[in-house]
Amino acid sequence: MRKTVFFAWGLLISSLFYTVGVSALTNPLLVEGYARETPPGAPMSAAYLSLHNTGEHLLQLTAVELSGDTKGSANLHTTERAQGVSRMRPLEKLAIAAGEKLQMVPGGVHLMIHGVRLRAGESLPLRLLFADGSSLEVLVPIMGRKTLEKDHHRHHGSAG
């Protein structure tokens, strides 16, 4: 099967996310998300995507790559809590049912980013790989801790 790669992006100013649209004929997925800047002294960071399957068939995300960077890696993970202890576990795939949205969040499903230094204000190019052999290029903004804290407080309606 021929691998088809689509690339498109746009900025949603109000939420500070990029949105990527894919042709409805092959991989009808809308993607929003961001990556966290790498904390000082830390060897890794995380990225969080919202994956909305607007099509009529199940999509299975099997891997994520850092496009444009050969030394780093991205891995699908989830956080499980058992007996008061949180542990990260790798995931082999993520299923996104037709018409459904999968939301990656801190403390839940997320992408672990290893081997690259993520700096606030830059963008992180990702390649999403699917079980059917297709892939999707996305570009997500890298957010600084201060920006994320301000955005978190704004969404909770804090008066300041």
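Since we're looking at a predicted model, the values are computed, not measured. Here, residues in each chain are numbered from 1, in the same order as that chain's written sequence. Side-chain atom pairs in this predicted model are given and counted only at pLDDT of 80 or more, local residue features only at pLDDT of at least 70, and totals for whole chains, interfaces and linings cover all residues. Hydrogens and water molecules were not included; the side-chain quantities draw on all heavy atoms of the structure.

### Structural notes on the overall build of the protein
- Each helix and strand counted, the protein has one helix and 13 strands in total.
- Its helices and strands taken in sequence order, the protein reads β-β-β-β-β-β-β-β-β-β-β-β-β-α from the N to the C terminus.
- Residues classed as buried in the protein amount to 38% of the 160 residues present.
- Each accessible area value is a Shrake-Rupley result obtained with a 1.4 Å probe; residue values ignore everything except the protein chains displayed when judging cover. Carbon together with sulfur atoms contributes 54% to the accessible area of the protein, which is approximately 9400 Å² in total. Helix numbering and strand numbering both begin at the N terminus, where a helix is a DSSP run of H or I of at least 4 residues and a strand a DSSP run of E of at least 2. Each residue is assigned to one of three classes by its accessible area relative to the maximum for its type, calculated with a 1.4 Å probe on protein chains only: buried under 20%, partly exposed between the two thresholds, exposed over 50%.

### Side note on the pattern of salt bridges
- Just to be clear on terms, a salt bridge is a Lys or Arg side-chain nitrogen sitting within 4 Å of an Asp or Glu carboxyl oxygen. What the rule picks out here adds up to three salt bridges.
- Among the salt bridges present, the one from Glu65 reaches Arg127, with a minimum N-O distance of 2.8 Å. With a gap of 62 residues between them, Glu65 in strand β6 (residues 59-66) and Arg127 in strand β12 (residues 123-130) connect regions that are remote in the sequence.
- Exposure remark for Arg127: the relative accessible area of 23% places this residue in the partly exposed category.

### Some details on unusual backbone geometry
- Even without a glycine there, the phi angle at Gln83 is positive, about 50°.
- Inspection of the secondary structure assignment puts Gln83 in the loop between β7 (73-82) and β8 (85-90).

### What about the environment of Leu128?
- One can find Leu128 in strand β12.
- Looking at Leu128, the relative accessible area reads 0%, which means it is buried.
- In this structure the C-alpha to C-alpha distance between Leu128 and Glu65, which are 63 residues apart in sequence, comes to 6.6 Å.
- The contact criterion used throughout is that any non-hydrogen atoms of two residues lie within 4.5 Å. Dropping the residues within four chain positions of it, Leu128 is found in contact with Leu29, Val31, Leu49, Leu51, Leu61, Ala63, Val64, Ser134, Ser135, Leu136 and Val138.

### Quick word on the side chain of Ser45
- In this structure, Ser45 sits in strand β5 (residues 44-53).
- Engagement of the side chain of Ser45 in a polar contact is seen with the backbone oxygen of Arg36, the distance being 2.5 Å.
- Setting aside chain neighbours within four positions, we find Ser45 in contact with Arg36, Glu37, Thr38, Leu111, Met112, Ile113 and Leu118. As used in this structure description, the phrase polar contact means that two N or O atoms lie within 3.5 Å; if the pair is within protein, one of them must be able to donate a hydrogen and the other to accept it, and residues adjacent in sequence are counted only when both atoms belong to side chains.

### Topic: the confidence of the model for the protein
- Taken over all residues, the pLDDT of the protein has a mean of 81, while the share at 70 or more is 74%.
- pLDDT expresses, on a scale from 0 to 100, how confident the predictor is about each individual residue. Segment residues 1-25: pLDDT under 50, and 61 contacts once partners within four positions in sequence are set aside and those in other chains are kept.
- Counting contacts from residues 152-156, a segment whose pLDDT is below 50, to residues more than four positions away or on other chains yields two contacts.

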